[in-house]
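# Architecture at a glance
Residues per chain, in single letters:
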Amino acid sequence: MGKERGHGTWYYRADVGRYTNGRRREQRTGGFATKAEADAALAKVLAAVATGEHRHDAGRPWPAT
């Protein structure tokens, strides 16, 4: 969780799994007006990752690792 320099908005960074080569997959999303909004969005992403419902940009589930 952090605040973007020069923008005044909050962002989160979440570990959303691993690539087949073992490297971490991260999702970083910003533009939140408050830290509470960023925290809420992060909680949603982490819950989706935990239940296997997290999807990448194309709308398809992450490949099994």
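Glancing now at the pairing of strand S3 (residues 24-32). Two elements, strand S2 (residues 10-18) and S3, share eight bridges in a ladder whose sense is antiparallel. Following the sheet pairing, Gly17 is matched in S3 by Arg25. Taking the residues that link successive antiparallel strands as the turn, the S2-S3 hairpin has five residues, and the phi of Gly22 there is positive, at about 95 degrees.

This part takes up the pattern of salt bridges. Tallied over the full model, the rule gives two salt bridges. With a closest N to O distance of 3.6 Å, Glu26 and Arg13 form a salt bridge. Separated by 13 residues along the polypeptide, Glu26 in strand S3 and Arg13 in strand S2 bring together distant segments of the chain. Residue classification places Glu26 among the partly exposed positions, given a relative accessible area of 41%.

What counts and what doesn't
- Residues numbered from 1 in each chain as written.
- Predicted model: local features only at pLDDT ≥ 70, side-chain atom pairs only at ≥ 80, totals over all residues.
- Heavy atoms only, no water.
- Pairing = 2+ DSSP bridges.
- Helix = DSSP H or I, 4+ residues; strand = E, 2+ residues; numbered from the N terminus.
- Salt bridge = Lys/Arg side-chain N within 4 Å of Asp/Glu carboxyl O.
- Buried < 20%, exposed > 50% of the residue type's maximum accessible area, 1.4 Å probe, protein only.

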